[in-house]
Amino acid sequence: VTITTRLLVSHLSGIRHYEKDITKVKEEKEKANRAFKPYQDKEQKEKEGKGIEKTDSVKPRKEQEGEVKSRNSKPGRRDKEFEQEEYYLKEKFESVIESLKIFKNDPLFFKPGSQFLYSTYGFTLLSAVVERVSGQKFTDYMLKMFRDLDMLSTVLDDNEAMIYNRARCYVYNKKGRLVNAPYVDNSYKWAGGGFLSTVGDLLKFGNALLYSYQAGQFKNTNSKILPGYLKPDTVTTMWTPVPKTEVSWDRDGKYAMAWAVVEKKQECGCCREQRHYASHTGGAVGASSVLLILPEELGSEAIATGLVAPPRGVVVSIICNMQSVSLNSTALKIAREFDKEKWVQ
């Protein structure tokens with residue numbers, strides 16, 4: 001088979017995640033689909049059978065039901081991937097190419113490109129490609145990029161290093177009590193969850209992407225606007241939904257290239273409006289995070305007159321030193337409030 005970097009970055013490679021048993025993976029997927037089906041059927045009936053518009057009133061009920069369900073579930077037990085032994089590896093790898101031995105001899109779960117399966121190991125392989133092509137360690141390559149972006153507080157999650165203001169991480173034990181997170185070594189998955197950062201640094205990262213995304217739209221500014229860190233077309237490609245993908249934290253979205261993306265959509269007048277945004281959540285032993293980017297919809301007149309300059313939009317970052325905390329919906333609510341307030345002004 002052929003596995004491309006595009007397949008890796010969109011989780012279509014067929015490389016396994018932490019679960020080695022494909023039967024269990026299929027069972028979990030079917031269970032998740034069954035849980036979501038009642039909402040789909042309900043919305044379909046309201047739209048077609050009764051002729052009722054899908055207004056914003058549908059969404060709060062759905063969110064409320066989800067919140068009640070979340071409150072009644074045991075803390076720290078919602079995400080079964082944290083039950084996998086490989087999540088708690090303590091072996092130190094000198095390079096990401098060396099860490100490929102964990103999964104390189106395991107069979108693919110499906111033909112590359114045919115199905116979606118979120119895979120941290122797919123990103124480990126991707127980082128090995130970067131290491132081989134660049135001719136330097138993946139960690140050195142990334143730290144240089146973080147320095148370029150002025151993300152000076154973003155470092156490797158290295159247990160031995162003395163890191164200023166490093167927070168202690170927590171998990172819930174089987175009795176529902178808060179305890180210190182266990183020791184792990186992240187050298188087998190630097191790309192998939194091996195960096196420590198701050199809210200400020202993640203906001204810089206989000207703004208750099210938003211700037212790059214919008215910079216190409218400002219063409220009549222007499223070269224006053226500096227180019228983005230990435231080409232506009234690159235970010236557009238990164239934020240373009242890829243067929244056959246799915247997103248666990250927002251059913252309106254699709255996976256793109258290392259980002260979950262919700263496209264702009266409104267079927268009828270006065271119906272629920274989907275705003276275009278990109279986000280990604282993060283889950284690690286003892287920590288949870290999200291980075292969400294809601295680009296402003298720029299008018300042609302504002303762009304032509306040069307009255308505004310990129311980045312334009314809302315960037316939300318949340319970091320929590322506790323495991324299995326769902327943050328995407330909270331970040332989206334915050335982004336919408338700031339966006340709403342801006343238009344009021």
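Structure's up top.
Okay, so let's go over this structure.

Reading guide: rules and limits
- Residues numbered from 1 in each chain as written.
- Predicted model: local features only at pLDDT ≥ 70, side-chain atom pairs only at ≥ 80, totals over all residues.
- Heavy atoms only, no water.
- Core = buried A, V, L, I, M, F, W, Y, C linked by side-chain atoms within 4.5 Å.
- Buried < 20%, exposed > 50% of the residue type's maximum accessible area, 1.4 Å probe, protein only.
- Helix = DSSP H or I, 4+ residues; strand = E, 2+ residues; numbered from the N terminus.
- Domains from an automatic or database assignment.
- Contact = heavy atoms within 4.5 Å.

Notes on the nonpolar core
Alright, step 1. Counting 44 residues, the largest nonpolar core has Y121, L209, W239, W259 and I293 as the members making the most contacts within it.
Alright, step 2. Of all the elements in the fold, those that place two or more residues in this core are α1 (5-9), α5 (120-134), α6 (138-148), α8 (199-215), α9 (232-238) and β8 (287-295).
Alright, step 3. Among the elements that take part in this core, α8 stands out by supplying 5 residues, more than any other.
Alright, step 4. Summarising the domain contributions, this core has at least three residues from each of domain 1 (1-31 + 79-169 + 183-196) and domain 2 (197-344).
Alright, step 5. In contact with W239, not counting residues within four places along its chain, are L209, L210, Y213, A256, W259, V261, H276, A278, I293 and P295.

Focus: the environment of V308
Alright, step 1. Among the structural elements, V308 can be located in the loop between α10 (300-305) and β9 (313-320).
Alright, step 2. On the basis of relative accessibility, which here comes to 16%, the residue V308 falls in the buried class.
Alright, step 3. Residues V308 and L298 lie 10 residues apart in sequence; the distance between their C-alpha atoms is 9.1 Å.

Some thoughts on the environment of A215
Alright, step 1. Its place among the elements puts A215 in helix α8.
Alright, step 2. A relative accessible area of 13% places A215 in the buried class.
Alright, step 3. For the pair formed by A215 and P227, sequence separation is 12 residues and the distance between their alpha carbons is 6.6 Å.
Alright, step 4. Ignoring any residue separated from it by four or fewer positions in sequence, one finds A215 in contact with G228 and P310.

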